Amino acid sequence: MSAIPFAPRHVAKRPRLEHASDEKPADEALSPTAEEEADARFNGDGLTAEEQHALDFVDKAAQTETDATAGSNHASIIRQFDALELKATMRTLEQATNHNQNMRASHVSEPERFLESEFALNSAIEACSRLAESPALYIEAADDEQTGLVALLVALTAHENIDICATAVRSLTDLLEEDVTPPEQALRALLDALARHELLLKLSRLFARLFKGDGIIDDTVIARGALDLIDVLIEDEALCSQAMMTISGRLIAIADQYARSRDERLLETALHATETLATLLQTSKVPARAAQSENLVETLLETLARWRKVKLDKHSPNKTLVTDLANCLCSLVMVRRGKDAFFEAEGTELMELLMRDSQSIMAQIALKVLGHACTPFTGSLICQRLVDAGTLPHLEMLLLDGKMGAPSLGHVISIVASLLKYLASDDVERAALIDWLNANGGEKVQLLLTLRAKNALKVKRLRKEQQDTRAKLEGGDKLSTDERAELDFLDYSARLGAGLDIVQDIDVTCAWLLLEETVDAKTKEMIRQHRPSGSKVFVRTLKELKVVLQDTVKRTAVDDTDANMRMNEDDDELEGIQVELDIIDTLVEALAL
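Cut-offs and rules
- Residues numbered from 1 in each chain as written.
- Predicted model: local features only at pLDDT ≥ 70, side-chain atom pairs only at ≥ 80, totals over all residues.
- Heavy atoms only, no water.
- Helix = DSSP H or I, 4+ residues; strand = E, 2+ residues; numbered from the N terminus.
- Areas by Shrake-Rupley, 256 points an atom, 1.4 Å probe, with all protein chains shown as cover.
- Core = buried A, V, L, I, M, F, W, Y, C linked by side-chain atoms within 4.5 Å.
- Buried < 20%, exposed > 50% of the residue type's maximum accessible area, 1.4 Å probe, protein only.
- Contact = heavy atoms within 4.5 Å.
- Lys, Arg positive; Asp, Glu negative; His and termini not counted.
- Salt bridge = Lys/Arg side-chain N within 4 Å of Asp/Glu carboxyl O.
- Expected span 1.5 Å × (residues − 1).
- Polar contact = N/O pair within 3.5 Å; in protein donor to acceptor, adjacent residues only side chain to side chain.
- Phe/Tyr/Trp six-rings, centres within 6.5 Å; stacked < 30°, edge-to-face > 60°.
- Lys NZ or Arg CZ within 6 Å of the ring centre and 35° of its normal.
- Axes fitted to C-alpha atoms, helices over the stretch in contact; angles between N-to-C directions.
- Left-handed = near helix turned anticlockwise from the far one by under 90°.
- Nonpolar A, V, L, I, M, F, W, Y, C, P; charged D, E, K, R; others polar.
- pLDDT = per-residue confidence, 0-100.
- Parallel < 35°, antiparallel > 145°, perpendicular 65-115°, else oblique.

> A description of the overall build of the chain should follow, citing residues and the corresponding values.
When helices and strands are counted, the chain shows 26 helices and 0 strands. Put simply, the chain shows about 29900 Å² of open surface, and 51% of that area lies on carbon and sulfur atoms.

This is the structure we're talking about:
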């Protein structure tokens, strides 16, 4: 997650007093009558009975809170938060809640009459944060029959006074702070209670209340406090899936509101929302992503389109926001239903528009999204539409641009490899692709081979360093099977970062070109002469890639006990890997002839 500075979680706020302000503009000259009024107000005269009562109460509440704080500090020295304190806290909260509800019902049109009960309720909610001192008590707090404290706190996140909602959110966040370490069973009880009482749904409705008519969030501090809580909740698998169903659309809406208004007051909240959504989509299970993909993909495309003509600075917050939006889209188009939604919403055409300015950040984002979309299933239709939309000239410009960074270059090469893998032999789009690669004496193929040599050398050096490091590790204590597997995974990931992914995609591309009848003979000879071993080097890469994919299948299907509970989208993921394995087998077999 990107390191964006957000407001601190614990920002104390007072419940609002809902009456009109009597202040005059600072630069307005006071008439003698106005001066007399000001003097009268300063001395406490000239107020209505209701206004005087409200001011007296605010003063009283402030003094009461000061006294209560001093008392609680003294009490905390002599009294721990134990089971008795938990029950006392719950009784106080319940009584404050009931009293506030009764006062609100009795004085609907007179807010000053129930203001005192609002302050009392707010204080009672804040006191619940002390539960974090004894996290083992989370089990009792989460039990609806023993205390029902968690259930009531969740309910209060939907209170009519939005500041009380914010206090309830902060109290719940305090229970899940990093420095609080509850026993596993206690934490599980708390999280289950939050899921059972639909906290995430209530937070979604809270965001809806925060938006004003002009589309700007009324209180960004409250919004970011709610986002802080969501960040913690989605670390749990069950709540992560629940968040996908209840709040993911609301997070995109915040980013979309900012994209439309460009109001700086909303910027930090929009950054936080997109960062949270990107994390949510990356960690959620495939079925949860698939279930929401139709709703989310179209909105994400619309939001990205709003940035098409905006020049983004490389280090600007807006660039961070747009990158997170693209990451969200990449997570969605990796599942079948996400690709379907992307295809139907004409996402390919939008990406083609974004690529027209090859030097822009939006062009890099378009490449990344297409690299994830051009994969099995609907990816074949996306590949066809990619060629039909006239994207090949943009790809050529990007490929020949020596200023492009390694990630974007990798996406261009990946897209070319995908086009060769998924366009059928009788597609006119495939014929257009081959003509594009044959053009100018195969200069693009020559460039690919040059890039392969450069990246293969970096990978070779890194592999040697990894082997030396592994030899030292295994020279001491013997590594366990799990430790060795984890090291293998980390080493492979490091090699991908060093350019192995580019080598793999180029080798797949070259293997296909050697088998294509319409590729020029000179181009094929150029490919064979690239390495002394000829096509064997491509076969070796393909076989290594096959082993990695087979290991991925094993890790994905490691727990067969849940096999019967899997949804179709899980099987799609495995089926997609199987498609890749079949392609590799076809290439290896054909190259061996």
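Let us keep going from here.
> Describe the nonpolar core, and please don't skip the residues or the numbers.
If you look at the biggest cluster of nonpolar residues, it comprises 159 residues, and the most contacted ones within it are Leu93, Leu194, Leu203, Leu329, Phe342, Met351 and Leu419. Looking at this core, the element that brings in the most residues is helix α23 (residues 481–515), giving 10 residues. With residues up to four places along the chain from it excluded, the contact list for Met351 reads Leu301, Leu329, Phe342, Ala366, Val369 and Leu370.

> How would you sum up the side chain of Lys202? Please name residues and give values.
With respect to the element layout, Lys202 can be found in helix α9 (residues 199–210). There is no salt bridge for the buried Lys202, and the closest opposite charge comes from Glu198, which lies 4.8 Å off by N-O distance. What Lys202 contacts, discounting residues up to four positions off in sequence, is Val154, Ala155, Thr157 and His197.

> For helix α7 (residues 162–175), give the residues involved together with the corresponding values.
For α7, with 14 residues, the first-to-last C-alpha span of 20 Å sits near the 20 Å given by 1.5 Å per residue. With 14 of 14 residues buried, α7 lies mostly within the body of the structure. Where α7 begins, one side-chain oxygen reaches toward the backbone nitrogen of Asp163, 2.9 Å away; that side chain belongs to Asn161.

> Report on unusual backbone geometry, specifying residues and quantitative values.
With a phi close to 60°, Glu346 is a non-glycine residue in the positive phi region. Looking at where Glu346 falls in the secondary structure, it is placed in the loop between α16 (336–344) and α17 (347–354). Not every positive phi belongs to a glycine, and Asn440 is a case in point at roughly 55°. Positionally, Asn440 belongs in helix α22 (residues 428–475). By relative accessible area, which is 56% here, Asn440 ends up exposed.

> I'd like a description of the environment of Cys128, backed by residues and values.
Along the chain, the position of Cys128 falls in the loop between α4 (115–127) and α5 (138–142). In contact with Cys128, other than residues within four places in its own chain, are Thr89, Leu93, Leu149, Leu153 and Leu175.

> Explain the pattern of salt bridges residue by residue, including any values.
The full count for this structure, using the stated rule, is 22 salt bridges. We note a salt bridge from Glu110 to Arg113, for which the minimum N-O separation is 3.7 Å. We note a salt bridge from Glu575 to Arg336, for which the minimum N-O separation is 3.8 Å. Here Glu575, found in helix α26 (residues 568–592), pairs with Arg336, found in helix α16; they are 239 residues apart in sequence, far enough to count as distant.

> Let's hear about the environment of Ala366: which residues, and what values?
Its place among the elements puts Ala366 in helix α18 (residues 361–373). Its relative accessible area of 0% is what places Ala366 among the buried residues. Between the alpha carbons of Ala366 and Leu350 there is a distance of 8.3 Å; along the sequence they are 16 residues apart. Discounting residues that sit within four places of it in the chain, Ala366 has contacts with Met351, Leu354 and Met355.

> With reference to specific residues and values, describe the packing of aromatic side chains.
The full count for this structure, using the stated rule, is 1 aromatic pair. Seen from their ring centres, Tyr258 and Trp307 are 6.0 Å apart, and the 40° between their planes marks the pair as tilted. Of the two residues, Tyr258 is situated in helix α12 (residues 248–261) and Trp307 in the loop between α14 (286–305) and α15 (317–333); the sequence distance between them amounts to 49 residues. The same class applies to Tyr258 as to Trp307, namely buried. Between Arg262 and the ring centre of Trp307, over which it is positioned, the NZ or CZ distance is 4.3 Å. Over the face of the ring belonging to Phe343 we find Arg385, whose NZ or CZ atom lies 3.8 Å from the ring centre.

> Run through the packing of helix α3 (residues 83–106) against helix α6 (residues 149–156), naming residues and quoting values.
Contact geometry for α3 and α6: axes closest at 10 Å, N-to-C directions at 35°. Considering only the axes of α3 and α6, their crossing is left-handed. Across from Leu86, Met90, Leu93, Glu94 and Thr97 in α3, the residues of α6 making contact are Leu149, Leu152, Leu153 and Leu156. Partitioning the contact of α3 with α6 into residue classes produces 7 nonpolar, 1 polar and 1 charged.

> Please set out the confidence of the model for the chain residue by residue, giving values where relevant.
On average, residues of the chain score 82 in pLDDT, and 82% of them are at 70 or above. Ranking the elements of the chain by mean pLDDT puts helix α1 (residues 32–42) last, at 41, and α6 first, at 96. This stretch, residues 74–78, has a pLDDT under 50; its non-local contacts, to residues over four places away or in other chains, come to 0 contacts. Counted against residues more than four places away or in other chains, residues 559–569, with its pLDDT under 50, gives 10 contacts.

> Tell me about the packing of α9 against helix α10 (residues 220–233), and name the residues and values.
Where α9 meets α10, the closest approach of the two axes is 11 Å, and the angle between their N-to-C directions is 160°. Between α9 and α10, the angle falls in the class roughly antiparallel. The handedness of the crossing between α9 and α10 comes out as left-handed. Each of Leu199, Leu200, Leu203, Leu206, Phe207 and Leu210 in α9 lies in contact with α10, whose residues at this interface are Ile222, Ala223, Ala226, Leu227, Leu229, Ile230 and Leu233.

> Any details on α16? Residues and values, ideally.
Given 3.6 residues per helical turn, the α-helix brings residues three or four places apart onto the same face. Restricting attention to buried positions, one finds in α16 the residues Gly338, Lys339, Ala341, Phe342 and Phe343. Looking at the buried residues of α16, the elements they touch are α14, α15, α17, α18 and α19 (379–388). One or two positions beyond α16, positive phi appears at Glu346, with a value near 60°.

> A description of the environment of Ala498 should follow, citing residues and the corresponding values.
Its location among the elements puts Ala498 in helix α23. For the pair Ala498 and Arg461, spaced 37 residues apart in sequence, the C-alpha separation works out to 9.7 Å. Discounting residues that sit within four places of it in the chain, Ala498 has contacts with Asn455, Lys458, Val459 and Leu462.

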